[in-house]
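# Survey of secondary and tertiary structure
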Amino acid sequence: MPRHEFQPGRLLAGLVLLTGGVLYLLDAAGERDVPWFLILPLAFGGLTLAALVGVTTYAVRRDRRDRIRESSER
């Protein structure tokens, strides 16, 4: 399998959605009483945070690529 870039925004989005799924599973099994209105802010806030992390990661990597390109052109 070829190596690929680490993408922290996607990791965070996956963890947030996995957490929401586990909470629903616990509620369905009767282990916890999770109100439905807890999952929506969790998912929305987590996906918003993941988007911010993804945009920040993209900006940092783009800046590094630009610096490398400028130094190789000299």
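Look up: the structure comes first, before these words.
## Observations regarding the pattern of salt bridges
Overall, the coordinates contain 1 salt bridge when judged by the stated rule. Of the charged contacts, one joins Arg-61 and Glu-5 as a salt bridge, the two residues approaching to 3.4 Å between their closest N and O atoms. With a gap of 56 residues between them, Arg-61 in helix α2 (residues 36-73) and Glu-5 in the segment before α1 (8-29) connect regions that are remote in the sequence. For Arg-61, a relative accessible area of 23% puts it in the partly exposed group. On the basis of relative accessibility, which here comes to 45%, the residue Glu-5 falls in the partly exposed class.

## A word on a nonpolar patch on the surface
Together, Phe-6, Leu-11, Leu-15, Leu-18, Val-22 and Leu-26 make up an exposed nonpolar region whose accessible area comes to about 550 Å². Mapped onto the elements, Leu-15 comes out in helix α1. In this structure Leu-15 comes out as partly exposed when scored by relative accessible area, which is 44%.

## Concerning the environment of Trp-36
Positionally, Trp-36 belongs in helix α2. Judged by its relative accessible area of 58%, Trp-36 falls in the exposed class. With 12 residues separating them along the chain, Trp-36 and Tyr-24 place their C-alpha atoms 8.6 Å apart.

## Considering the packing of aromatic side chains
Applying the stated rule across the entire model yields 1 aromatic pair. Centroid distance Trp-36 to Phe-37: 5.8 Å. Interplanar angle 85°. Geometry classified as edge-to-face. On the basis of relative accessible area, Phe-37 is assigned to the exposed category, the value being 53%.

Thresholds applied
Per chain, residue numbering runs from 1 following the sequence as it is written. pLDDT decides what is reported in this predicted model: residues at 70 or higher carry local features, side-chain atom pairs at 80 or more are listed and counted, and totals for whole chains, interfaces and linings draw on all residues regardless. Note that the side-chain values use all heavy atoms of the structure and ignore hydrogens as well as water. Every case where a carboxyl oxygen of Asp or Glu lies within 4 Å of a side-chain nitrogen of Lys or Arg is listed as a salt bridge. Strands here mean DSSP runs of E at least two residues long; helices mean DSSP runs of H or I at least four residues long; both are numbered from the N terminus. A simple rule labels every residue: compare its accessible area, found with a 1.4 Å probe on the protein chains alone, to the largest value its type can have, and call it buried under 20%, exposed over 50%, or partly exposed in between. Surface patches are defined over residues having more than 30% relative accessible area and no salt bridge, joining like charges when they lie within 9 Å and nonpolar side chains (Val, Leu, Ile, Met, Phe, Trp, Tyr) when within 5 Å. Accessible areas in this description were obtained via Shrake-Rupley with a 1.4 Å probe; residue shielding takes into account the shown protein chains only. Between 30 and 60 degrees the pair is tilted, below 30 it is stacked and above 60 it is edge-to-face, where a pair is any two Phe, Tyr or Trp rings, Trp via its six-membered ring, whose centres lie within 6.5 Å.

Any link to function would need more than the numbers given here.
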